[in-house]
Structure formats: C-alpha cells, structure tokens
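Structural features, examined
Next come the chains, spelled out residue by residue.
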Amino acid sequence: MAITASMVKELRERTGLPMMECKKALNEADGDIEKAIEDLRKASGLKAAKKAGRTAADGVVAAKVAEDGSYGVLVEVNSETDFVARDEGFKAFVGKVVDKAFADRQEDVAALMEGDLEEAREALVQKIGENIGVRRIQLVEAPVVGAYVHSNNRIAAIVALSGGDVETARDVAMHVTAVNPQVVKPEDMPTDVLEKEKDIIKAQPDMEGKPAEIVEKMMGGRIKKFLKENSLVEQPFVKNPDVNVGKLVKDAGGDVASFVRFEVGEGIEKEDVDFAAEVAAQVKASS
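Source: prediction; values computed, not measured.

A few points about the sheet that holds strand β1 (residues 58–65)
- The strand order across the open sheet built from three strands is β1-β2-β3, with neighbouring strands paired in antiparallel fashion. The open sheet is flanked by β1 and β3 (133–141), the only strands paired with a single partner. The mean angle between the axes of side-by-side strands here comes to 10 degrees, regardless of whether they run parallel or antiparallel.
- Sheet topology note: the β1/strand β2 (residues 71–79) ladder contains eight bridges and is antiparallel. Among the inter-strand pairings, Val61 is bridged to a residue of β2, identified as Glu76.
- Most of the contacts of helix α6 (residues 88–104) go to β2, to which it runs at about 145 degrees, and overall it touches β1, β2 and β3.

Below is the structure:
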C-alpha cells in the first residue's frame, strides 16, 4: 500500500515520533495506522504514543528584546504539567526556541520548528514522557520595545512605544502583565464589546423604569468609566497610581503603539482526565 504524506502526518500527531520513524512503521504495517501504533508501542515509542494526544495546557512564557530596544519576541511553550515546566531540560529547550525566534525574527511556529528544533522537541517528548509544543510566538518591531516576564514564568507582555526608552517600555509591560488591559486607547475598543457592555448596563436594576434620556445619560457615564478602566493609557500606573500610563509614556517622550500579553494556557480547553480509568485501561492492555 502506498504511504501518503497525510498518513505520516496523522501518525506523527498521534505518537509525537520523528517523521522517518513514522514512515518506516507505516511501511512495515502496510499502511495500517493502528497496527503501526501498536508496533511502535512495543518498541521505544510507548511513552510518546501514550502522551501525544494529551492537552499541553501548562508550560512557560519567555521573552527576548534587542539591546537597542528595536525589536523583541514573546514565546509560549506548553507542557502537560507544571512539574515538567520546571524541568531543566524543558527550560533549555525553551531557551533554544526563544533564541532562534529572536535571531530569525520569526513568528511562524511551523517555519521556526523545521529541522533541529523539531528534533529536539521530539527527543524531549521521548525523554520526559509528556506532550510538549511551541504554541505561539509574537514578534514586535518598533522605535522602542520592552518586555516583562513575571517571576512565575506564566505571564508576560511585550510593549511597543513610538519613543522614550526601553526601561519605560519594560515598566509598561510589567503593568500590562499585572492589570491586563483590553486595548491601548479608548477608541480602540471593538464595537461589539461596547454594545455588549451597553446591554449589560441597560439590564441593571437601577435602570428599570427610568426615562430613556436618563438611561442614556447614566449609560454614557458608565461606558466612559468602563473604557477608562480597560484602556492601557487611561489606567493608573501600578508603580505610581497618581499618574496614568499614557502620561508616564508621554513624559518619557513617546506614546504607546501596541502591547501583547501572553498567559500560559489561556484559551486552551483542558480535558479532565480520569487517571484511575486510564491506569485500569493500561493494565488491561498489557495483560
């Protein structure tokens, strides 16, 4: 039976094993993916075969910024557990990913991982026994770029300024990790978000029975407050609440152009695993 690229891809995704090893296993199994998996489980691929389908929703975020502050990268690399996220081998792999993304100015994960990095990832999966993956990379280029990674390595931000200095940009990035603004400026708030907030305000008990013009006036004030609370430049700076972020940056000679905030696992739907059932299934399979 002819072995297609899609078959090799499926086997790689289900086992986490190298492409050539998957192709060889498929050839020996005459194209039968389930048999190929069974054969690989009998050999060295047992751990990866059992782990590759697991949700990798833990891990770390990392950042690197050029010495002149002209560009930087933000990276998220996932593991299944916090225990592995603290492993020195895992940390070394993350370092390689960040360094290559920085050197290549690359934010395409697939392109970045081609070759040596993918081989290193596969070797780590085999050694550690958990699914590991590079989830996302953000490249930021601007007159001034600064980044901040929180001490737990689970939240980080990178900020672009039109002017000023790297230290100010880093301070703003620290603020972003702590406060998590939705947009840079009030006018950047998406229309659908504003409309949803207006619907919520209109439905609040103190709006009931009031004339339409009063409702509109009250809603205008609350929307203004909502925008101030959720727009980066309007927020009180975490290190000095007497000044907002916009003024902080303006005093440094710049303006906030953009920001990106990564938090480990955000948006990933983590499956609930019944470990007792899994162990029972493994015992049954091996008997």
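And the narrative resumes.
Some remarks on the side chain of Arg121
- Note on placement: Arg121 falls in helix α8 (residues 116–128).
- Arg121 sits in the buried class, given a relative accessible area of 12%.
- There is a polar contact of 3.0 Å between the side chain of Arg121 and the side chain of Glu118.

Quick look at the pattern of salt bridges
- Counted according to the given criterion, the structure contains 17 salt bridges.
- As a salt-bridge pair, Asp251 and Lys247 come within 2.9 Å of each other at their nearest N and O atoms. Taken together, the residues Asp251 and Lys247, both in helix α12 (residues 245–251) and four residues apart, mark about one turn of the helix.
- Overall, the relative accessible area of 44% leaves Lys247 in the partly exposed class.
- When salt bridges with common partners are traced through the structure, they connect Glu76, Arg135, Arg136 and Glu266 into a single cluster.

Examining the packing of α6 against α8
- Between α6 and α8, the least distance of the axes is 11 Å, while the angle of their chain directions is 165 degrees. As summarised for this structure, α6 and α8 are arranged roughly antiparallel, according to the angle between their axes. As α6 runs across α8, the sense of the crossing is left-handed. Along the contact surface, α6 presents Gly89, Phe90, Phe93, Lys96, Val97 and Lys100, while α8 presents Leu117, Ala120, Arg121 and Leu124.
- For the contact of α6 with α8, the per-class residue count stands at six nonpolar, one polar and three charged.

Things to note about the confidence of the model for the protein chain
- Looking at the protein chain as a whole, its pLDDT mean stands at 86, while 87% of the residues score no less than 70.
- Below pLDDT 50 for its whole length, residues 45–52 participates in 27 contacts with residues either more than four positions away or in separate chains.

A few points about the packing of helix α1 (residues 5–15) against helix α2 (residues 19–28)
- At their nearest, the axes of α1 and α2 sit 9 Å apart, and the two run at 115 degrees to each other. In terms of axis orientation, α1 runs roughly perpendicular to α2. Here α1 runs over α2; the crossing is right-handed. Here Met7, Val8, Leu11, Arg12 and Thr15 of α1 lie close against α2, whose contacting residues are Met19, Cys22, Lys23, Ala25 and Leu26.
- Considering only residue class, the contact of α1 with α2 consists of seven nonpolar, one polar and two charged.

So, the environment of Ile200
- Tracing the chain through its elements places Ile200 in helix α10 (residues 191–202).
- For Ile200, a relative accessible area of 41% translates into the label partly exposed.
- Linking Ile200 and Met219, residues 19 residues apart in sequence, is a C-alpha distance of 9.9 Å.

What counts, and where the lines are drawn
Residues numbered from 1 in each chain as written. Predicted model: local features only at pLDDT ≥ 70, side-chain atom pairs only at ≥ 80, totals over all residues. Heavy atoms only, no water. Pairing = 2+ DSSP bridges. Helix = DSSP H or I, 4+ residues; strand = E, 2+ residues; numbered from the N terminus. Axes fitted to C-alpha atoms, helices over the stretch in contact; angles between N-to-C directions. Contact = heavy atoms within 4.5 Å. Buried < 20%, exposed > 50% of the residue type's maximum accessible area, 1.4 Å probe, protein only. Polar contact = N/O pair within 3.5 Å; in protein donor to acceptor, adjacent residues only side chain to side chain. Salt bridge = Lys/Arg side-chain N within 4 Å of Asp/Glu carboxyl O. Parallel < 35°, antiparallel > 145°, perpendicular 65-115°, else oblique. Left-handed = near helix turned anticlockwise from the far one by under 90°. Nonpolar A, V, L, I, M, F, W, Y, C, P; charged D, E, K, R; others polar. pLDDT = per-residue confidence, 0-100.

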